[in-house]
Amino acid sequence: DIQMTQSPSSLSASIGDRVTITCRASQGISNYLAWFRQKPGKAPKSLIYAASSLQSGVPSKFSGSGSGTDFTLTISSLQPEDFATYYCLQYHSYPLAFGGGTKVEIK
Amino acid sequence: EVQLVESGGGLVRPGGSLRLSCATSGFSFSSYTMHWVRQAPGKGLEWVSSISGTTIYIYYAGSVKGRFTISRDNAKNSLYLQMNSLRAEDTAVYYCARILHGAEPDYWGQGTLVTVSS
């Protein structure tokens, strides 16, 4: 089974900051990686699919990169609505696996 | 408008059973692989199970294999999760989700809470 290690588990940042979150797969997953944002009490929402493709309607301040085992999600300029928890998900093979999550908090 | 509405959650004793349902509308249900994802209180997301549109492909997380059964009724546009031999660690909000379809938007239900406690 593929394990996803996400880091950091939490971070504090200010409005306008650039933030980077990483996910590492325990084995190569090509580009079969998605990123989700989850606000408290709400269902997750997809931001990125295929490692670097922006989901329709998602602002361009979000970007994803990586292939193989190492992936990053970057938020170029944090806004109040971006303070949430972010998860990666590998869908290269079953069982699917989420990363542990990164909680982005206001500094 | 695409909608996914879960039901069937509640309080159950350890060893008990529950059947979750997810009623969908607004899209061609039989064309999509569907998923159950859960989230224990204060914890991260955990993938539970997936079923392809024609039910040929079914997958489970190791933590639920042999206890949970995913199914679907394409005539009723509904997804199900039969949960048996429930344990305290199965306590979570359970989401049904239409995700991982490339450029197509993802859709999630509102979640249904399952609490396993004596």
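So, how was this worked out
Residues numbered from 1 in each chain as written. Chains lettered and ligands numbered in written order. Predicted model: local features only at pLDDT ≥ 70, side-chain atom pairs only at ≥ 80, totals over all residues. Heavy atoms only, no water. Disulfide = S-S within 2.5 Å. Helix = DSSP H or I, 4+ residues; strand = E, 2+ residues; numbered from the N terminus. Core = buried A, V, L, I, M, F, W, Y, C linked by side-chain atoms within 4.5 Å. Buried < 20%, exposed > 50% of the residue type's maximum accessible area, 1.4 Å probe, protein only. Pairing = 2+ DSSP bridges. Axes fitted to C-alpha atoms, helices over the stretch in contact; angles between N-to-C directions. Phe/Tyr/Trp six-rings, centres within 6.5 Å; stacked < 30°, edge-to-face > 60°. Lys NZ or Arg CZ within 6 Å of the ring centre and 35° of its normal. Contact = heavy atoms within 4.5 Å. Buried area = accessible area lost by both parts, 1.4 Å probe. Salt bridge = Lys/Arg side-chain N within 4 Å of Asp/Glu carboxyl O. Polar contact = N/O pair within 3.5 Å; in protein donor to acceptor, adjacent residues only side chain to side chain. Nonpolar A, V, L, I, M, F, W, Y, C, P; charged D, E, K, R; others polar.

(A) Structural detail: the state of the cysteines. Evaluation of the coordinates by the stated rule reveals two disulfides over all chains. The disulfide bridge from Cys23(A) ends at Cys88(A), spanning 1.7 Å between sulfur atoms. Residues Cys23(A) and Cys88(A) are joined by a disulfide whose S-S torsion is about -55°; by sign, that bridge is left-handed. Of this pair, Cys23(A) sits in strand E3 (residues 19–25) while Cys88(A) is found in strand E9 (residues 85–90), placing the two residues 65 residues apart along the sequence. Each sulfur in the disulfide pair Cys22(B) and Cys96(B) lies 2.0 Å from the other. When the S-S torsion is 45°, as for the bridge of Cys22(B) with Cys96(B), the disulfide is right-handed. With Cys22(B) in strand E3 (residues 18–25) and Cys96(B) in strand E9 (residues 92–98), this pair connects stretches of sequence that are 74 residues apart.

(B) Quick look at the nonpolar core. Counting 43 residues, the largest nonpolar core has Trp36(B), Leu79(B), Leu81(B), Met83(B) and Tyr94(B) as its most contacted members. If you tally residues by element for this core, the top one is E9(B), at five residues. Met4(A), Ile21(A), Ile75(A) and Tyr86(A) belong to the second largest nonpolar core, which has 26 residues in total.

(C) Up close: the sheet that holds strand E7 (residues 68–73) of chain B. All names here are of chain B. What the four strands build is an open sheet, ordered E1-E3-E8-E7; its pairing is antiparallel. The open sheet has two edge strands, strand E1 (3–7) and E7, and neither has a second partner. For this sheet, the mean inter-axis angle between neighbouring strands, taken without regard to orientation, is 15°. Direction of pairing for E3 relative to strand E8 (residues 78–83): antiparallel, over a ladder of six bridges. If you follow Arg19 over to E8, its bridge partner there is Gln82.

(D) Quick look at the packing of aromatic side chains. Scanning the entire structure with this criterion turns up ten aromatic pairs over all chains. On the numbers, 5.5 Å between centres and 50° between planes, the contact of Tyr94(A) with Trp47(B) is tilted. Of the two residues, Tyr94(A) is situated in the loop between E9 and strand E10 (97–98) and Trp47(B) in strand E5 (residues 45–51); the pairing between them involves two chains. Of the aromatic side chains, those joined through ring pairs into one cluster are Phe36(A), Tyr87(A), Phe98(A), Tyr95(B) and Trp108(B). Positioned above the aromatic ring of Tyr107(B), the side-chain terminus of Lys45(A) is 5.9 Å from the ring centre.

(E) Quick peek at the interface of chain A and chain B. Contacts between the two partners involve 17 residues from chain A, matched on the other side by 22 residues from chain B. When chain A packs against chain B, close to 1600 Å² is buried across both sides, 69% of that on carbon and sulfur atoms. Applying the counting criterion to the chain A and chain B interface returns one salt bridge. Ionic pairing is found between Lys45(A) and Asp106(B), a salt bridge with its closest N-O pair at 3.5 Å. Our count for the chain A to chain B interface comes out at eight residue pairs in polar contact (both at pLDDT 80 or more). Those elements that place two or more of their residues in the side of chain A that touches chain B are strand E4 (33–38), strand E5 (45–49) and E9 of chain A. In terms of residue class, the side of chain A that touches chain B is made up of twelve nonpolar, three polar and two charged.

(F) Examining the pattern of salt bridges more closely. Residue and element names in this part refer to chain A. Summed over the entire model, instances satisfying the criterion amount to ten salt bridges over all chains. A salt bridge links Lys61 to Asp82; its shortest N-O distance comes to 2.6 Å. One end of the pair, Lys61, is in the loop between strand E6 (53–54) and strand E7 (62–67); the other, Asp82, is in the loop between strand E8 (70–75) and E9, with 21 residues separating them in the sequence. Given a relative accessible area of 0%, Asp82 falls into the buried group.

(G) Region of the structure containing the sheet that holds E7(A). All names here are of chain A. The sheet built from four strands is open, its strands ordered E1-E3-E8-E7 with antiparallel pairing. One side of each edge strand has no neighbouring strand; the edge strands of this open sheet are strand E1 (4–7) and E7. Neighbouring strand axes in the sheet, compared pairwise and without regard to direction, differ in orientation by 15° on average. As paired strands, E1 and E3 are joined by four bridges and run antiparallel to one another. Within E3, the position partnered with Ser7 by the bridge is Thr22.

Worth remembering: the numbers are spatial, not functional.
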